[in-house]
Amino acid sequence: MPAMHSLPPVHRPLEDALALGPALLARAGSAEAAPWLAASLVEGPAVVLGAAQRAARVVDLSACAARGAKVLRRATTGTAAFLGGRGVVWTLALPHAAALAPDATARTLLNRNVRGFLKGFSRAGAPAHYFGREWISLQHRPAALVGLDATPDGAVLIEVFAGLDAPPAIPPELAAPDERVIDRWLGKAPAALSDVLPARLSLEALARAVVEGVALRAALPLIDGGEAPELAAERFQPVTAPDDPVPPGASAAALARVPIGWIEAAALSDVPHAPPARAWLGGDVLTARWLLDAFGRGDAPARGEDVDAEASPLEGATLADLRALARRALALGRAPGG
């Protein structure tokens, strides 16, 4: 009988909570092909960057260091989450987009698969809604941030971040100028969980309620996942380089506004002093990291040059946006003085 494997909510260092993403994605995509869900109780202060966000475009690293706020990078794409104190990270790994919702496609991946989280938050006492892209609304205020990744074989990783003591928005004094100009919350004031949940509800009870809500929404029994997987937490140590994760030696950066915020690209050369042959592509977009890499290499992503958004998850920008920016960065890099 199909079931959802779960790890019970426990306190974890934030680095370990982030490392759970790749570990559970590997389990979900293995021969057993089962969904996995975990909840981690974590402590900030920290900024958790999306997998493809260039650090200095999002945060002021010096200001973060002065405040004692770590800057970490997660495995999922999307926008940055701020954890000002106590918080929860939910990690959902699926063998394919329709594992929990039979009608889900790459285009509707988040819309279908956040519904269990909405059910869990609502059962915990905070009516929840999702209006698209990267955040969940509780009591009509943005309160939880969503990240996404997928493998070329179709396995999916979704992470949800929420803070008990502080809203998920990066405080203005820690944000970079390009981040401060974006209205990420559609004019609404983001909320901490303590602002929107019943006062007596513990963080552990909330974490458990959301896990149960996801399983109930999917009509799957929850079964104990046993021992937690071995974690490669060294991959999730603090970010200190302004251009991280852009590879060394990149040049001719290009930046473009899209509905979710920014996408950016940089020209890369595999041979010193040679014209760039590929591009690094990143930004705020919610998509699979392999797709960003494929566009940077100029490869046709999996199904030919005319592939559309049905072939891989994509929220907040279009394939044409990504293709155009990668080409622009390469053209800049090949220009005299580029």
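Only a predicted model underlies this, so the values are computations on that prediction, with no experimental measurement involved.

Structural notes on the packing of helix H5 (residues 115-123) against helix H8 (residues 203-218)
Argument step 1. At their nearest, the axes of H5 and H8 sit 7 Å apart, and the two run at 130° to each other. Between H5 and H8, the angle falls in the class oblique. As for the relative orientation of H5 and H8, their crossing is right-handed in sense. Here Arg115, Gly116, Phe117, Lys119, Gly120, Phe121 and Arg123 of H5 come into contact with H8, specifically with Leu206, Ala209, Val210, Glu212, Gly213, Val214, Leu216 and Arg217.

Considering the sheet that holds strand S6 (residues 86-94)
Argument step 1. One open sheet accounts for eight strands, arranged S7-S8-S9-S10-S6-S2-S1-S11; its pairing is mixed. What marks the edges here is a single partner per strand, and that holds for strand S7 (128-130) and strand S11 (222-224). This sheet shows a mean twist of 25° between the axes of neighbouring strands, independent of strand direction.
Argument step 2. Inspection of the sheet shows S6 paired to strand S10 (residues 156-163) by eight bridges, in the antiparallel sense. Bridging across to S10, Gly87 finds its partner in Gly163.
Argument step 3. Relative to S6, H8 is tilted by about 20°, and along the sheet it contacts strand S1 (4-11), strand S2 (36-43), S6 and S11.

Some remarks on the pairing of strand S3 (residues 46-49)
Argument step 1. Covered by surrounding structure in S3 are Ala46 and Val48 together with Val47 and Leu49, the residues of both alternating faces.
Argument step 2. By the bridge criterion, four bridges tie S3 to strand S4 (residues 70-73) in an arrangement that is parallel. Its bridge partner being in S4, Ala46 is matched across the sheet by Lys70.
Argument step 3. The pairing of S3 with strand S5 (residues 81-83) spans three bridges and is antiparallel. For Val47, the partnering residue across the bridge sits in S5 and is Phe82.

Things to note about the packing of helix H9 (residues 289-297) against helix H10 (residues 319-334)
Argument step 1. For the pair H9 and H10, interaxial distance at closest approach is 9 Å and the crossing angle is 45°. With respect to their mutual orientation, H9 and H10 come out oblique. In this structure, H9 crosses over H10, and the sense of that crossing is right-handed. Residues Leu291, Leu292 and Phe295 of H9 form the contact with H10, whose participating residues are Leu319, Leu322, Arg323 and Ala326.

Focus: the sheet that holds S4
Argument step 1. Strand order in the open sheet formed by three strands is S4-S3-S5, and the pairing between neighbours is mixed. Two strands bound the open sheet, and with one partner strand each, they are S4 and S5. Along the sheet, successive strands turn relative to each other by an average axial angle of 20°, direction set aside.
Argument step 2. Taken strand by strand, helix H1 (residues 14-28) contacts S3, S4 and S5, and its axis lies near 10° from that of S4.

Concerning the packing of aromatic side chains
Argument step 1. A complete count under the given rule lists two aromatic pairs for this structure.
Argument step 2. Pairing Trp90 with Phe121 gives two aromatic rings, centres 5.4 Å apart and planes at 85°, and the pair type is edge-to-face. With Trp90 in strand S6 and Phe121 in helix H5, the pair connects residues that are 31 residues apart, well separated along the chain. The residues Trp90 and Phe121 share a single accessibility class, namely buried.
Argument step 3. Judged by centre distance (6.1 Å) and plane angle (50°), the ring pair of Trp135 and Trp185 falls under tilted. With Trp135 in strand S8 (residues 135-138) and Trp185 in the loop between helix H6 (177-180) and helix H7 (193-196), the pair connects residues that are 50 residues apart, well separated along the chain. Considered together, Trp135 and Trp185 belong to a single accessibility category, that of buried residues.

How each quantity is defined
- For every chain, the first residue of the written sequence is number 1, and numbering continues from 1 along that sequence.
- Local features in this predicted model are restricted to residues whose pLDDT is 70 or higher, and side-chain atom pairs enter the listing and the counts only when it is 80 or higher, whereas totals over whole chains, interfaces and linings include all residues.
- The side-chain values count all of the structure's non-hydrogen atoms but skip hydrogen atoms and water molecules.
- For helices, the fitted axis covers only the stretch in contact; all axes are lines through C-alpha atoms, and the angles between them, taken along N-to-C directions, range from 0 to 180 degrees.
- Secondary structure is summarised from DSSP: a helix means a run of H or I of at least four residues, a strand means a run of E of at least two, and numbering begins at the N terminus for each.
- Relative orientations are named as follows: roughly parallel for angles under 35 degrees, roughly antiparallel for angles over 145 degrees, roughly perpendicular for angles from 65 to 115 degrees, and oblique for any other angle.
- Each crossing gets its handedness from the near helix: less than a right angle anticlockwise from the far helix is left-handed, clockwise is right-handed.
- Residues are treated as being in contact if the distance between any of their heavy atoms lies within 4.5 Å.
- Only when DSSP finds a minimum of two bridges between them are two strands counted as paired.
- Exposure classes here rest on a 1.4 Å probe applied to the protein chains alone. A residue is buried below 20% of its type maximum, exposed above 50%, and partly exposed in between.
- Aromatic rings from Phe, Tyr and Trp, with only the six-membered ring used for Trp, were paired whenever their centres fell within 6.5 Å, and each pair was classed as stacked if the ring planes differed by under 30 degrees, edge-to-face if by over 60, and tilted otherwise.

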